[in-house]
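Here is how the chains run, residue by residue.
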Amino acid sequence: ANAAPWSFALKQAYLADFPPDSLWEVYGATELGVCTVLRPEDQLRKPGSCGTAAPGVEVALFDGHGRRITEPGIEGELHVRSGGVLLGYHGREDAFADLQLDDGWFGVGDIATMDDEGYFSIRDRKKDMVITGGVNVYPAMVEAALDEHPAVRDVAVIGIPSDEWGEAVHALVVLDTPVTEAELAAFAHERLAGYEVPRSFEFVTEIPRTASGKILKRELRRPWWEGRARRI
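Residues numbered from 1 in each chain as written. Predicted model: local features only at pLDDT ≥ 70, side-chain atom pairs only at ≥ 80, totals over all residues. Heavy atoms only, no water.

## As for the environment of Glu181
Here is step 1 of the chain: Locating Glu181 in the fold gives a position in helix H4 (residues 181-189).
Here is step 2 of the chain: Judged by its relative accessible area of 39%, Glu181 falls in the partly exposed class.
Here is step 3 of the chain: Along the chain, Glu181 and Ser162 lie 19 residues apart, while their C-alpha atoms are 19 Å from each other.
Here is step 4 of the chain: In contact with Glu181, other than residues within four places in its own chain, are Phe201 and Phe203. (Helix = DSSP H or I, 4+ residues; strand = E, 2+ residues; numbered from the N terminus. Buried < 20%, exposed > 50% of the residue type's maximum accessible area, 1.4 Å probe, protein only. Contact = heavy atoms within 4.5 Å.)

Structure, rendered in structure tokens:
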């Protein structure tokens, strides 16, 4: 698989039929190369993690003021420092400069946490974060929870306009078998904080993705935000 993480449920299904030592996971980006590695022995021990820093790579989290985060469990933007970082975008030097911090650290806008053993977990892309009632919600976490439901084949979560909350969490779901919105909401409540549970559901036949498998969140948000001041 490429471009998106496997859900924990999918990993469990894979390990039921294939050797445990065959399952590896890496996190990286075109601009950064391979950043972290989750080894086979950690797949079930560290659910949701993308592993520790890859050989020859330094990985760190920084807050919105460029200060390094060292405490476990605190969210920050993931940055790396290595010889494998892209030298730049051709003709777009300013855009590449936006990825840089001081001292050679580079990031692509992914929010993550680190545990007390140095294992990183990607929360979501900063640009995909939903701010509802002043609280940050990471769609990838909501998607992972809903993906565990046996009736769900595919799911995408976005923020849609809300007069009351600014944004509301909205889930687009592809089903294998029938299930109601109420049942999905109840399922989500068992796994997520109340503010993370989708306020609305939309049943669709397909989730639009790129050729590499990434969900086209911009395309999903566009009909909801057209004509508004907010950029999507």
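That covers the picture; the talk isn't over yet.
## Observations concerning the packing of aromatic side chains
Here is step 1 of the chain: Under the definition given, this model contains two aromatic pairs.
Here is step 2 of the chain: Ring centres of Tyr14 and Phe18 lie 4.7 Å apart, and the angle between their planes is 20 degrees; this geometry places the pair in the stacked category.
Here is step 3 of the chain: If you follow Lys46 out to its NZ or CZ, it ends over the ring of Tyr119, 4.8 Å from the centre.
Here is step 4 of the chain: When the ring centre of Phe187 is taken as reference, the NZ or CZ atom of Arg191 above it lies at 3.5 Å. (Phe/Tyr/Trp six-rings, centres within 6.5 Å; stacked < 30°, edge-to-face > 60°. Lys NZ or Arg CZ within 6 Å of the ring centre and 35° of its normal.)

## Quick look at helix H3 (residues 139-147)
Here is step 1 of the chain: Here H3 has its buried residues at Pro139, Val142, Glu143, Ala145 and Leu146. Across the axial projection of H3, the buried residues extend over an arc of 160 degrees, all falling on one side. (Arc of directions from axis to C-beta.)

## Focus on the sheet that holds strand S13 (residues 200-203)
Here is step 1 of the chain: Here we have three strands laid out as an open sheet, ordered S11-S12-S13, and mixed in their pairing. On the outer flanks of this sheet lie strand S11 (152-162) and S13, each paired with one strand and no other. Geometrically, the sheet is characterised by an average inter-axis angle of 25 degrees between neighbouring strands, direction not taken into account.
Here is step 2 of the chain: Relative to S13, strand S12 (residues 166-175) is paired through four bridges, and the arrangement is parallel. Each bridged residue has a counterpart across the sheet, and for Val173 the counterpart in S13 is Phe203. (Pairing = 2+ DSSP bridges. Axes fitted to C-alpha atoms, helices over the stretch in contact; angles between N-to-C directions.)

## Looking at the pattern of salt bridges
Here is step 1 of the chain: This structure, assessed with the given rule, holds 16 salt bridges.
Here is step 2 of the chain: A salt bridge links Glu77 to Lys126; the nearest nitrogen and oxygen atoms lie 2.9 Å apart. With Glu77 in strand S6 (residues 76-81) and Lys126 in the loop between strand S8 (120-125) and strand S9 (130-132), this pair connects stretches of sequence that are 49 residues apart.
Here is step 3 of the chain: Linking Arg191 and Glu148 is a salt bridge whose minimum nitrogen-to-oxygen distance equals 3.2 Å. Of the two residues, Arg191 is situated in the loop between H4 and S13 and Glu148 in the loop between H3 and S11; the sequence distance between them amounts to 43 residues.
Here is step 4 of the chain: Each of Asp42, Arg45, Lys46, Asp115 and Glu117 takes part in one network of salt bridges that share partners. (Salt bridge = Lys/Arg side-chain N within 4 Å of Asp/Glu carboxyl O.)

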